[in-house]
Amino acid sequence: MYKILVVDDEPRVSAGIRNFLLASDMNITDVETAINGFEAIDYLRMDSFDLVLTDIQMGRMSGIELMENIYMEQWNVPVIVISAHEKFDFAKKSLRLGAKDYLVKPVERTELLRVVRKALTQKELPGTNSPEDSRQIQEQSRRNEWLMELVTQRNLTQKDIEDVTGELGELLTGQFFGVISSRIDYSQAGFSHKKVTLHDRKLLKYAAINIMNETLSEWNSLTFNGFGHSIISIIQLSAEEMEDPQVRVHSRIHMIGQMIAMNLKQYLNVEATVGLSTLAGDVLRLPELMDEADTAAEWNKVHPGQRVFYYHDLAVQDNLSMVVWMGKVSDFMEQMKSAVESIGYVNPQIILSQLLVPDQSQEVMNSYCGMLIYRIYGLLVEYGQGNGVSLYDFNPDMVFQGLTGQQKLERLHRYIEDSVLFLQELSQARDQNVISRITSYIQKNYRNPALKIQDISEEVHFSAAHLGYIFKRDMKTNLWDYVTALRMEEAKRLMSTTDKKRYEIAYAVGYESPEHFSRMFKRVLGLTPAEFRKKTRGGERDEAETET
């Protein structure tokens, strides 16, 4: 049994699609209709749907923006785009955002049935909406795991390589290999041009992987998810291609890096830092090439205005020590944040042994340690901001004043331990403060029908995922259930104490249409607005009220 949501600002169109799908032989038992993106989001927050069909051009929220919101909260729900526009740009953008198909109005009934049947069949989720039950996603996940194994594990034997390549089938056929590490900047991205946290948005990362696959198609590439915001690509060349003069190969590598950055900017409005490795003729060297690509990408910290970095160029400049150190420090800061959020433990001895670069002068080591210390202090400032806490005891100018190089290193062990413990205290206090700020913001803005989780996360400077997690953990309810409850309570108050019409109350509590408000009201409270008013006011009913 399937449940479908149809979104179109022409009610006749959505009603026609609804009736046609219900009459089909596809075991579709329920089709909801919404006249705009805001209504659609409300439905998606309250129910599970197997498929969404949406128009592109709608008032106030386009189909592209709706898709962004869908994948923000329910990334596994497939979408089919229906539009009166035949422009290929619309099709490209919707498909790059993960749409299963694109139909042009007026839609042929046989074509509509074909694409809906195909989307539902591909979903393959009997009795559940979990993406892990999809065979296709499972296979993709296993493929990614094997590829990550190839580029990260240094101790693989030739037998291990044969086993992995056997699992990958015909994917690894090149004789020479290179690795590309692309770091996606999700702080400002997407077609809505709103500041978002895309760590929580598999949508744009999925779209970026599609774009990179297209960009690198002639290089027989394999592109897959890396850690965090990174995307990894393995490019493959034949011996014949490598017979070209090396200068041409280097030129092509530079070109491909520029094309990746340009295409991601053009199609998704995201900035990317692209690190490119050299080429090697042995699969066993992929971890080494991965390190080269990551090291090249880290060079962006030294030249923030540049987007594409080739390891060969950096090696020629002999500037790798600082880049390697900065990359290790960045990795450590991510580990430290993870330990803080999970109330975990960081071992300074192990961390420092991994961070320190051997065979460096005392002056260079002092510089390296200073960079690490101030990154840690910056994190303390970030967590303590607005809490009125004193960071005097952690001020590097005070803590490390007058210490020699060895004394500074010894003090750094305790500084890391103390910082993690204090950060964990700040994190817990901050979460409580954030809950208060979230509820305050929602209470002030729940009447706005355009309220989105991005707005709330920007207000408290948290990722959408972490915001939702701590809200449910501390408030014992889903964030959007909380918003709906506020809207319903205010609607009940207005119906009990005023003579406002249904449409006036609908607009007053944050709904785009009185019909949608009535459906939501009945879904939550089990009564229509008119039935509720009659019950609470002793049989009194506004004759002008009509329900849908």
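The rules we used
- Residues numbered from 1 in each chain as written.
- Predicted model: local features only at pLDDT ≥ 70, side-chain atom pairs only at ≥ 80, totals over all residues.
- Heavy atoms only, no water.
- Helix = DSSP H or I, 4+ residues; strand = E, 2+ residues; numbered from the N terminus.
- Buried < 20%, exposed > 50% of the residue type's maximum accessible area, 1.4 Å probe, protein only.
- Polar contact = N/O pair within 3.5 Å; in protein donor to acceptor, adjacent residues only side chain to side chain.
- Contact = heavy atoms within 4.5 Å.
- Expected span 1.5 Å × (residues − 1).
- Arc of directions from axis to C-beta.
- Salt bridge = Lys/Arg side-chain N within 4 Å of Asp/Glu carboxyl O.
- Pairing = 2+ DSSP bridges.
- Axes fitted to C-alpha atoms, helices over the stretch in contact; angles between N-to-C directions.
- Parallel < 35°, antiparallel > 145°, perpendicular 65-115°, else oblique.
- Left-handed = near helix turned anticlockwise from the far one by under 90°.
- Nonpolar A, V, L, I, M, F, W, Y, C, P; charged D, E, K, R; others polar.

Caption draft 1: Seen up close, the side chain of Thr273. Here Thr273 shows up in strand S9 (residues 271-276). Classification of Thr273 by relative accessible area gives buried; the value is 6%. A polar atom in the side chain of Thr273 sits 3.2 Å from the side chain of Arg307. If we skip the residues at most four places from it in the chain, Thr273 touches Ser181, Ser182, Arg183, Ala297, Asn300, Arg307 and Phe309.

Caption draft 2: Inspection of helix H1 (residues 11-22) at higher detail. With 12 residues, H1 extends 16 Å between its outermost C-alpha atoms, agreeing within 8% with the 16 Å of an ideal straight helix rising 1.5 Å per residue. Among the residues making up H1, those that are buried are Ser14, Ile17, Phe20 and Leu21. The buried residues of H1 occupy an angular sector of 130 degrees when the element is viewed end-on, so they sit on one face.

Caption draft 3: Highlighting the pattern of salt bridges. A complete count under the given rule lists 16 salt bridges for this structure. Its salt-bridge partner being Asp30, residue Lys3 comes within 3.6 Å of it at the nearest N-O pair. Taken as a pair, Lys3 in strand S1 (residues 2-7) and Asp30 in strand S2 (residues 28-34) lie far apart in primary sequence, 27 residues in all. In this structure, Arg114 and Glu111 form a salt bridge, with 2.7 Å as the shortest nitrogen-oxygen distance. Note that Arg114 and Glu111 are positioned in helix H5 (residues 109-123) at a spacing of three residues, about one turn of the helix.

Caption draft 4: How the structure looks around the pairing of S9. Most of S9 is tucked away, with five of its six residues classed as buried. Strand direction decides the pairing type here: S9 and strand S10 (residues 308-310), joined by three bridges, are parallel. Its bridge partner being in S10, Gly275 is matched across the sheet by Phe309.

Caption draft 5: A look at the sheet that holds S1. What the five strands build is an open sheet, ordered S2-S1-S3-S4-S5; its pairing is parallel. Looking at the sheet topology across the chains shown, the edges are occupied by S2 and strand S5 (101-104). Strand after strand, the sheet turns through a mean of 20 degrees between neighbouring axes, direction not considered. Two elements, S1 and S2, share six bridges in a ladder whose sense is parallel. Each bridged residue has a counterpart across the sheet, and for Leu5 the counterpart in S2 is Glu32. Packing of helix H2 (residues 37-46) onto the sheet brings it into contact with S1, S2 and strand S3 (51-55), and relative to S2 it is tilted by some 140 degrees.

Caption draft 6: Quick peek at helix H22 (residues 514-525). With 12 residues, H22 should reach 16 Å at 1.5 Å per residue; the first-to-last C-alpha distance of 16 Å fits that figure. Those residues of H22 that sit buried are Pro514, His516, Phe517, Ser518, Met520 and Phe521. Taken together, the buried residues of H22 touch H2, helix H20 (479-497), helix H21 (502-508) and helix H23 (529-536). Count one or two residues on from H22 and you reach Gly526, which has phi positive near 80 degrees.

Caption draft 7: Structural detail: the packing of H2 against H22. For the pair H2 and H22, the least separation of the axes is 11 Å and the interaxial angle reads 10 degrees. Viewed along their axes, H2 and H22 adopt a mutual orientation that is roughly parallel. Where H2 crosses over H22, the two elements pack in a sense that is left-handed. Every residue of H22 that contacts H2 at Glu39, Asp42, Tyr43 and Met46 is listed here: His516, Arg519, Met520, Arg523 and Val524. Considered class by class, the residues forming the contact of H2 with H22 number four nonpolar, one polar and four charged.

Caption draft 8: Quick look at the sheet that holds strand S7 (residues 222-225). Strand order in the open sheet formed by five strands is S7-S8-S6-S9-S10, with mixed pairing between adjacent strands. Each end of this open sheet is capped by a strand with a single partner; those strands are S7 and S10. Averaged over all neighbouring strand pairs, the angle between strand axes comes to 15 degrees, with direction disregarded. In this structure, S7 lies alongside strand S8 (residues 230-237), joined through four bridges in antiparallel fashion. Counted as the bridge partner of Leu222 is Ile234 from S8. Contacts between helix H11 (residues 286-298) and the sheet are confined to strand S6 (176-185), S8, S9 and S10, with S6 contributing the most and set at about 35 degrees to the helix.

Distances and angles like these do not, on their own, reveal function.
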